[in-house]
Amino acid sequence: MQKKTIINNSITDPNKILPMSYLWARQHYKDGISNNWTPEEISMQQDVEQWRAKHVLSEAERRMILWNLGFFSTAESLTANNLVLAVYRHVTNPECRQYLLRQAFEEAIHTDTFIYCCDSLGLEPEEIYTMYQTIPSIKEKDDFVIELTQSIFDPNFSTQGPENVRRFLHDLIGYYVIMEGIFFYAGFAMMLALKRQNKMVGIGQQFEYIMRDESIHLAFGCDLINTIKAENPEIWNSEFQQNVITLIKKAVNLEKRYAFDACPDGILGLGPKQFCDYIEYIADRRLERLGLTKIYNTENPLPWMSQSTDINKKKNFFETRVTEYQVAGSLNWD
Ligand code: FE
Ligand code: MN
């Protein structure tokens with residue numbers, strides 16, 4: 001009997017989810033469900049007061065907030081579209097698709113979060129939702145991801161044959177590891193740094209919830225990528241590995257440029273240098289997750305981020321039981 005594989009399997013019936021072969025996909029689905037939240041659960045009252053007051057936020061802080069709302073407001077739709085229009089089409093395994101449906105819902109929640117932020121703060125939608133075209137450091141990141149994930153959008157693309165499997169893997173790395181795993185993280189760090197100073201705590205909490213969701217998206221993406229690698233070992237050759245390392249280095253440089261642009265003077269005692277070091281630190285973690293050697297060897301300059309985000313959770317995910325997830329909207333990380 002042909003063994004069930006995650007892609008390119010003629011015996012896979014996408015409607016037949018039991019029995020399952022990939023229990024990690026099931027686990028990520030359950031973890032996603034137990035993290036359920038909606039933006040309206042979080043009060044924006046204090047944020048609105050701080051945003052309106054003249055003396056609470058500095059000009060640099062306001063700009064930083066706008067830049068991050070600008071990046072995330074459209075990045076969430078971009079990832080949702082990639083997921084539903086391209087990833088879902090090629091990943092026919094039913095337990096993975098079950099997770100992708102859950103992830104798609106979470107991307108809808110994230111898109112909704114930025115609608116809620118714009119509405120509550122009274123921001124100009126035309127300004128926020130065009131920043132991915134008008135702000136060069138944001139546009140470069142989005143363009144890089146669109147370019148990287150082009151082949152799976154081609155209606156004639158199929159994952160048949162080793163060359164196409166390699167292209168698919170390349171695009172999955174662009175989508176999961178670079179977009180969700182690197183390009184989101186300078187923004188997360190900035191908004192959480194602000195929250196730690198009791199500024200814009202409503203938005204900060206929404207970013208924490210988003211980051212918690214994204215850590216599962218990334219974990220699922222890495223499991224998917226590593227499974228395809230394991231089932232198609234011939235495609236993961238040293239030339240392709242080198243190609244992936246080059247892409248990650250480029251992504252890190254774009255994310256650093258974004259950090260300098262969004263936070264030029266430093267805020268709250270943190271400078272762009274610390275955000276850049278943080279990006280190098282998380283890029284090393286991503287490389288290791290893909291089975292590659294880390295390249296930066298940078299120490300984590302923001303240890304509080306790993307307390308509240310992906311590191312502990314990832315440990316729990318893959319090595320122990322998930323214990324810190326709570327149902328619906330009560331986050332207590334500190
Ligand atoms: Fe998202
Ligand atoms: Mn996501």
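Located above this text is the structure these notes cover.
As a starting point, this report considers the structure included with it.

Rules and cut-offs
- Residues numbered from 1 in each chain as written.
- Chains lettered and ligands numbered in written order.
- Predicted model: local features only at pLDDT ≥ 70, side-chain atom pairs only at ≥ 80, totals over all residues.
- Heavy atoms only, no water.
- Donors = N, O, S within 2.8 Å, 3.2 Å for Na, K, Ca; no water.
- Helix = DSSP H or I, 4+ residues; strand = E, 2+ residues; numbered from the N terminus.
- Buried < 20%, exposed > 50% of the residue type's maximum accessible area, 1.4 Å probe, protein only.
- Patch = residues over 30% accessible without salt bridge, like charges linked within 9 Å, V, L, I, M, F, W, Y side chains within 5 Å.
- Areas by Shrake-Rupley, 256 points an atom, 1.4 Å probe, with all protein chains shown as cover.
- Salt bridge = Lys/Arg side-chain N within 4 Å of Asp/Glu carboxyl O.
- Core = buried A, V, L, I, M, F, W, Y, C linked by side-chain atoms within 4.5 Å.
- Contact = heavy atoms within 4.5 Å.
- Expected span 1.5 Å × (residues − 1).
- Polar contact = N/O pair within 3.5 Å; in protein donor to acceptor, adjacent residues only side chain to side chain.

**Section: the coordination of the manganese ion (ligand 2)**
Around a metal, the ideal angle is 109.5 degrees if four donors adopt a tetrahedral arrangement and 90 or 180 degrees if six donors adopt an octahedral arrangement. Distances from the manganese ion (ligand 2) to its protein donors, Glu107 (OE), Glu180 (OE), Glu214 (OE), Glu214 (OE) and His217 (ND1), fall within 1.7 to 2.7 Å. Between the manganese ion (ligand 2) and the iron ion (ligand 1), both coordinated by glutamate 107, there is a metal-metal distance of 3.2 Å. Pair noted here: glutamate 214 and histidine 217 are both in helix α10 (residues 201-231), with a separation of 3 residues, about one helical turn. Like glutamate 214, the residue histidine 217 is buried in the burial classification.

**Points about a nonpolar patch on the surface**
A contiguous nonpolar patch, built from Val84, Leu85 and Phe153 and spanning about 270 Å² of accessible area, is present on the exposed surface. Structurally, phenylalanine 153 is set in the loop between α7 (136-148) and α8 (162-183). Given the relative accessible area of 35%, phenylalanine 153 is considered partly exposed.

**What about the nonpolar core?**
Core analysis: the largest hydrophobic core is formed by 107 residues, its most contacted members being Phe183 and Ile248. Not counting the four nearest positions on each side in its chain, isoleucine 248 is found in contact with Val177, Ile178, Ile182, Ala283, Leu287 and Leu290.

**Thoughts on unusual backbone geometry**
Here leucine 18 and proline 19 are connected by a cis peptide whose omega angle stands at -5°. Here proline 19 lies in the segment before α1 (23-34). Residue asparagine 8 is not a glycine yet carries a positive backbone phi of 55°. Here asparagine 8 is to be found in the segment before α1. Despite not being glycine, asparagine 198 has its phi angle at roughly 65°, a positive value. Its location among the elements puts asparagine 198 in the loop between α9 (185-196) and α10. For asparagine 198, a relative accessible area of 54% gives the class exposed.

**Side note on helix α4 (residues 94-121)**
With 28 residues, α4 extends 41 Å from end C-alpha to end C-alpha; this agrees with the ideal 40 Å at 1.5 Å per step. Of all the 28 residues making up α4, 20 are buried; the element is thus mostly covered by neighbouring parts of the structure. For α4, the N-terminal cap is asparagine 93; the gap from its side-chain oxygen to the backbone nitrogen of glutamate 95 is 3.3 Å. Where α4 terminates, the next one or two residues include glycine 122, which has phi positive at roughly 70°.

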